[in-house]
Amino acid sequence: MKYFILFLTLIWSISGSSQELPFLFKGEVFNSDENLPEKVVSVSLEQNNQVVSNVQTLSNGKYTLRGIVDLSMPFQVKFVKSGFVQKFVQFD
């Protein structure tokens, strides 16, 4: 009986805990109209309407975004530059 209670306690603690993990997102923003990399684009990692991490693309359009996310909840990577339409990638 005590092993059964121990097992239930273990299962409850695993299922009740959040699954926060490091997130790494690398990429390049490219302007297909001008056939050039797009610099100074704000790339942000957001969860629960809060910015977890934010970077800007380099002159070659590349970026590396890092942060800690809770995988049990949706989050998104958002791309923003003045004069352009906002884009985002949703992870669920």
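For the structure itself, consult the block above.
Residues numbered from 1 in each chain as written. Predicted model: local features only at pLDDT ≥ 70, side-chain atom pairs only at ≥ 80, totals over all residues. Heavy atoms only, no water.

Enquirer: Break down the overall build of the chain for me, with residues and values.
Expert: When helices and strands are counted, the chain shows one helix and eight strands. Across the 92 residues of the chain, 27% fall into the buried class. Counting only carbon and sulfur atoms, one obtains 58% of the accessible surface of the chain, whose full area is about 7,000 Å². (Helix = DSSP H or I, 4+ residues; strand = E, 2+ residues; numbered from the N terminus. Buried < 20%, exposed > 50% of the residue type's maximum accessible area, 1.4 Å probe, protein only. Areas by Shrake-Rupley, 256 points an atom, 1.4 Å probe, with all protein chains shown as cover.)

Enquirer: Got a sec to walk through the sheet that holds strand E4 (residues 42-47)? Specific residues and values, please.
Expert: Sheet architecture is open: four strands sit in the order E5-E4-E7-E8, paired in antiparallel fashion. With partners counted over all chains shown, the strands left at the sheet margins are strand E5 (50-56) and strand E8 (87-91), one partner each. Each adjacent strand pair in this sheet contributes to an overall mean axis angle of 15 degrees, direction not counted. Pairing between strand E7 (residues 75-80) and E8: five bridges, direction antiparallel. Bridge pairing links Phe75 to Phe91 in E8. (Pairing = 2+ DSSP bridges. Axes fitted to C-alpha atoms, helices over the stretch in contact; angles between N-to-C directions.)

Enquirer: Go over the pattern of salt bridges, please, and point to the residues and values.
Expert: As a working rule, side chains carrying opposite charge can pair if their charged atoms are close by. In total, this model carries two salt bridges according to the counting rule given. Note that Glu38 and Lys81 form a salt bridge whose closest N and O atoms lie 2.6 Å from each other. Here Glu38 is found in the loop between strand E3 (36-37) and E4, whereas its partner Lys81 is found in the loop between E7 and E8, with 43 residues between them in sequence. Looking at Glu38, the relative accessible area reads 12%, which means it is buried. Note that Glu46 is salt-bridged to Lys78, the shortest N-O span being 3.6 Å. Of this pair, Glu46 sits in strand E4 while Lys78 sits in strand E7, placing them 32 residues apart in sequence. (Salt bridge = Lys/Arg side-chain N within 4 Å of Asp/Glu carboxyl O.)

Enquirer: Would you mind going over unusual backbone geometry in detail, with residue names and values included?
Expert: Look at Asn35: it is not a glycine, yet its phi comes out positive at around 60 degrees. Looking at the element boundaries, Asn35 is found in the loop between strand E2 (30-31) and E3. Judged by its relative accessible area of 57%, Asn35 is exposed. Non-glycine residue Asn49 carries a positive phi angle of around 60 degrees. Its place among the elements puts Asn49 in the loop between E4 and E5.

Scope: geometric values only; no functional claims are made or implied.
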